[in-house]
Amino acid sequence: MRTINIGLLGFGTVGRGVYRVLTNNRETIASRMGSPLEIKRILVREVGKDRGIDVPPELFTTDPRAVLDDEDIGIVVEVMGGIEPARQYVLAALAKGKSVVTANKDLLAIHGRELFAKAVEGGADLYFEASVAGGIPIIKVLKEAFTGNRIEQVTGIINGTTNYILSQMSDYGADFDTVLKEAQEKGFAEADPTNDVEGYDAARKIAILASIAFNSRVTLDDVYVEGIAKIKPEDIRYAREFGYVIKLLGIARETAAGIEVRVHPALVPCGHPLAAVSDVFNAVFVRGDAVGDTMFYGRGAGEMPTASAVVGDIVMAARNIANNLHGLTGCTCFEAKPVRPMTAVETRYYLRLRVLDKAGVLAGIAGAFGNNNVSLAAVIQKTTGAVAELVMVTHRVRESDLRAAVAELERLPAVETVANIIRVED
Ligand code: NAP
Ligand code: HSE
């Protein structure tokens, strides 16, 4: 059987993992595939760098053309990250008919349409399993295993850093800043954690999942995003009293009025399968009209879990090449559905208020809710001195109504502050 040659663009955490998996499991993969897979060239920025792994030095190059123009390379694996020059390299590879495997969520969530068009034009495949939830094969599930379903909802814990931080806050009662600092010292959080803690990493991933689940292109700009920096230990404690845990969720839902796609912290009922997903683990909960409720769990990042997903894609691309096929699982965005504005979304809310503890205060607060169609489902009051902390969970309400009620609350003299508002996802 002929060897299928691979060119790697990048040899960092993921690239190294891909090399290890393809080397360690070479014979098994070749037997399963029917053809041996060989890494022929590796593009990096710096050739002489000590990479802590034994790789023939002649494989490394700093010249992208050494990969992109090599007629013997059938699969280009983009694991360098970022938008440019990764986008240009991927487009060039696809234009030449080379199949591309990428782990790059930034690229997919912003330029997916352009990349898929180029794949069709070049007669090549584009696979991107590792771009969402690392080792969890959720894209294959949505595109292939669940293709007979109408997907109603995809809800994921799709950022390991924030899940780790919230789990630690929950387990030890520590505050966000302390846990973030410890996570950075242990290498669980980046030196610049903005993308993770502000929800932008999860936003890219849920945009990709929503596009596949609902067959309609959802880009990063369509996603409503809130991060976890506002979560306080007291919110976690109160949530527990109500029977919930707090998680950063990526939520994509199809409604009769369009697609909802958002990332924000949320109260999740303790009995929900996502509530049990702790530390750096990821999980994606999918509801299909035929299959019902399902959940997929695993490591969302790291050298070997991510490499597992990349190598799975490489083998799919290689099988297609060996059989002179392409486009079997190409772009599935064949519809154009509207994305609902956040103000139109209906959900339940947790609110924590600091209010003066005196007669008539509760009546004023109840009035602000009542005036704006907000109905309360549960209330806790804790008093310390002259100030009371009032914690409430609402029934389902339209976000615009909730915002109007909060604006009215903030005008009440007895309300010192609306300290936090967190959505509740049942
Ligand atoms: P990384 O450790 O920073 O490695 C990037 C590699 O790309 C390095 O080898 C670097 O070369 C090379 N590179 C970057 N820019 C280049 C350029 N302009 N020209 C040539 N080479 C260039 O990144 P990573 O963590 O492996 O992530 C790679 C991709 O996988 C990203 O899209 C990321 O979002 C995605 N991903 C990562 C994980 C994870 O756990 N790390 C999980 C899921 C998805 P030098 O080594 O010479 O500097
Ligand atoms: N930074 C991401 C996370 C991993 O914390 O889950 C790469 O997508």
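Residues numbered from 1 in each chain as written. Chains lettered and ligands numbered in written order. Predicted model: local features only at pLDDT ≥ 70, side-chain atom pairs only at ≥ 80, totals over all residues. Heavy atoms only, no water.

### A closer look at the site of ligand 2
Point 1. Taken together, Lys 105, Asn 159, Gly 160, Thr 161, Asp 196, Asp 201, Lys 205 and Ala 301 make up the full set of residues adjacent to ligand 2.
Point 2. Here an oxygen atom of ligand 2 and a side-chain polar atom of Asn 159 are 3.4 Å apart.
Point 3. Asp 196 is positioned with one of its side-chain polar atoms (N or O) 2.9 Å from a nitrogen atom of ligand 2.
Point 4. Coverage of ligand 2 by the protein chains reaches 79% of its 260 Å² of free accessible surface.
Point 5. In this structure the site holding ligand 2 corresponds to the largest pocket. (Near = heavy atom within 4 Å. Polar contact = N/O pair within 3.5 Å; in protein donor to acceptor, adjacent residues only side chain to side chain. Areas by Shrake-Rupley, 256 points an atom, 1.4 Å probe, with all protein chains shown as cover. 1 Å grid on protein atoms, 1.4 Å probe; cavity = no way out; pocket = protein on both sides within 12 Å on 5 of 7 lines; lining within 4 Å. Sits in = over half its atoms within 2 Å of the grid points.)

### Some points on the nonpolar core
Point 1. Ile 138 and Leu 209 are the most contacted members of the largest nonpolar core, which has 78 residues in total.
Point 2. The dominant element in this core, judged by the number of residues it contributes, is helix 10 (residues 200-214), at 10 residues.
Point 3. Excluding residues within four positions of it along the chain, Ile 138 makes contact with Glu 129, Val 132, Leu 209, Val 284, Val 286 and Phe 296.
Point 4. One finds Leu 8, Phe 11, Val 79 and Met 316 within the second-largest nonpolar core, a separate group that totals 35 residues. (Core = buried A, V, L, I, M, F, W, Y, C linked by side-chain atoms within 4.5 Å. Buried < 20%, exposed > 50% of the residue type's maximum accessible area, 1.4 Å probe, protein only. Helix = DSSP H or I, 4+ residues; strand = E, 2+ residues; numbered from the N terminus. Contact = heavy atoms within 4.5 Å.)

### Remarks on the site of ligand 1
Point 1. Surrounding ligand 1, one finds 22 residues, the nearest of these being Phe 11, Val 14, Arg 45, Arg 51 and Gly 302.
Point 2. Within the backbone of Gly 12, one N or O atom sits 3.2 Å away from an oxygen atom of ligand 1.
Point 3. Within the side chain of Lys 49, one N or O atom sits 3.0 Å away from an oxygen atom of ligand 1.
Point 4. Taken atom by atom, the bulk of ligand 1 overlaps the largest pocket.

### Some thoughts on the sheet that holds strand 3 (residues 60-61)
Point 1. A sheet is described by the order of its strands in space; here six strands give the open sequence 3-2-1-4-5-6, paired in parallel fashion. With partners counted over all chains shown, the strands left at the sheet margins are strand 3 and strand 6 (126-127), one partner each.
Point 2. Where strand 1 (residues 4-9) and strand 4 (residues 73-78) come together, five bridges link them in parallel fashion. The residue bridging Ile 6 from the neighbouring strand is Ile 75, located in strand 4.
Point 3. Lying over the sheet, helix 12 (residues 303-322) contacts strand 1, strand 2 (37-43), strand 4, strand 5 (99-102) and strand 6, oriented at roughly 160° with respect to strand 4. (Pairing = 2+ DSSP bridges. Axes fitted to C-alpha atoms, helices over the stretch in contact; angles between N-to-C directions.)

### Quick look at the domain arrangement of the protein chain
Point 1. Domain boundaries assigned for the protein chain yield domain 1 (4-134 + 303-322), domain 2 (138-299) and domain 3 (342-424).
Point 2. For domain 1 versus domain 3, the distance between C-alpha centres works out to 51 Å. (Domains from an automatic or database assignment.)

### Digging into the side chain of Arg 87
Point 1. Note that Arg 87 resides in helix 4 (residues 86-95).
Point 2. Within the local environment of Arg 87, its side chain forms a polar contact with the side chain of Glu 114, the two groups lying 2.8 Å apart.

### Considerations on the packing of aromatic side chains
Point 1. What the rule picks out here adds up to six aromatic pairs.
Point 2. Note on Tyr 164 and Phe 188: the rings are 4.7 Å apart at their centroids and 70° apart in plane angle, and the pair reads as edge-to-face. Taken together, the positions of Tyr 164 in helix 7 (residues 160-172) and Phe 188 in the loop between helix 8 (176-185) and helix 9 (194-197) put the pair 24 residues apart, joining distant regions of the chain.
Point 3. Note on Tyr 164: relative accessible area 6%, which makes it buried.
Point 4. A residue is classified by how much of its surface remains accessible, and Phe 188, at 38% relative accessible area, is partly exposed.
Point 5. Taken together, a centroid distance of 4.9 Å and an interplanar angle of 5° make the contact between Phe 281 and Tyr 297 stacked. Pair noted here: Phe 281 is in strand 11 (residues 281-288) and Tyr 297 is in strand 12 (residues 292-299), with a separation of 16 residues, a long-range link. (Phe/Tyr/Trp six-rings, centres within 6.5 Å; stacked < 30°, edge-to-face > 60°.)

### Considerations on the layout of surface pockets
Point 1. If you add up the space inside the largest pocket, you get close to 1200 Å³.
Point 2. Elements with a minimum of two residues in the lining of the largest pocket: helix 1 (13-24), helix 5 (105-122), helix 7, helix 9, helix 10 and helix 12.
Point 3. With three residues, helix 10 is the largest single contributor of residues to the lining of the largest pocket.
Point 4. The residue makeup of the lining of the largest pocket, split by class, is 12 nonpolar, 16 polar and 11 charged.
Point 5. The space that makes up the second largest pocket amounts to roughly 370 Å³.
Point 6. Around the second largest pocket sit 18 residues that line it, and Gly 10, Phe 11, Val 44, Arg 45 and Met 80 are the ones nearest its centre.
Point 7. For the lining of the second largest pocket, a count of residues per class yields eight nonpolar, four polar and six charged. (Points joined across faces, edges and corners; volume = space filled by probe spheres on them. Nonpolar A, V, L, I, M, F, W, Y, C, P; charged D, E, K, R; others polar.)

### Concerning the pairing of strand 13 (residues 346-356)
Point 1. Burial analysis of strand 13 places eight of its 11 residues in the buried class, the great majority of the element.
Point 2. Strand direction decides the pairing type here: strand 13 and strand 16 (residues 397-398), joined by two bridges, are antiparallel. Considered in strand 16, the bridge of Thr 347 is made with Val 397.
Point 3. Across eight bridges, strand 13 lies against strand 17 (residues 415-424) in antiparallel orientation.

### Points about the pattern of salt bridges
Side chains that differ in charge, positive against negative, can pair when their charged atoms come close.
Point 1. Overall, the coordinates contain 35 salt bridges when judged by the stated rule.
Point 2. Close ionic contact of Asp 293 with Arg 287 constitutes a salt bridge, the shortest N to O distance being 2.6 Å.
Point 3. A residue is classified by how much of its surface remains accessible, and Asp 293, at 47% relative accessible area, is partly exposed.
Point 4. Overall, the relative accessible area of 30% leaves Arg 287 in the partly exposed class.
Point 5. Among the ionic contacts, a cluster of salt bridges with common partners joins Glu 226, Lys 230, Glu 399, Arg 403 and Arg 423. (Salt bridge = Lys/Arg side-chain N within 4 Å of Asp/Glu carboxyl O.)

### Things to note about the state of the cysteines
Point 1. According to the stated counting rule, one finds zero disulfides in the structure shown.
Point 2. In this structure Cys 333 is not part of a disulfide, and its nearest cysteine sulfur, from Cys 331, lies 4.4 Å away.
Point 3. Look at Cys 333 and you get partly exposed, because its relative accessible area is 22%. (Disulfide = S-S within 2.5 Å.)

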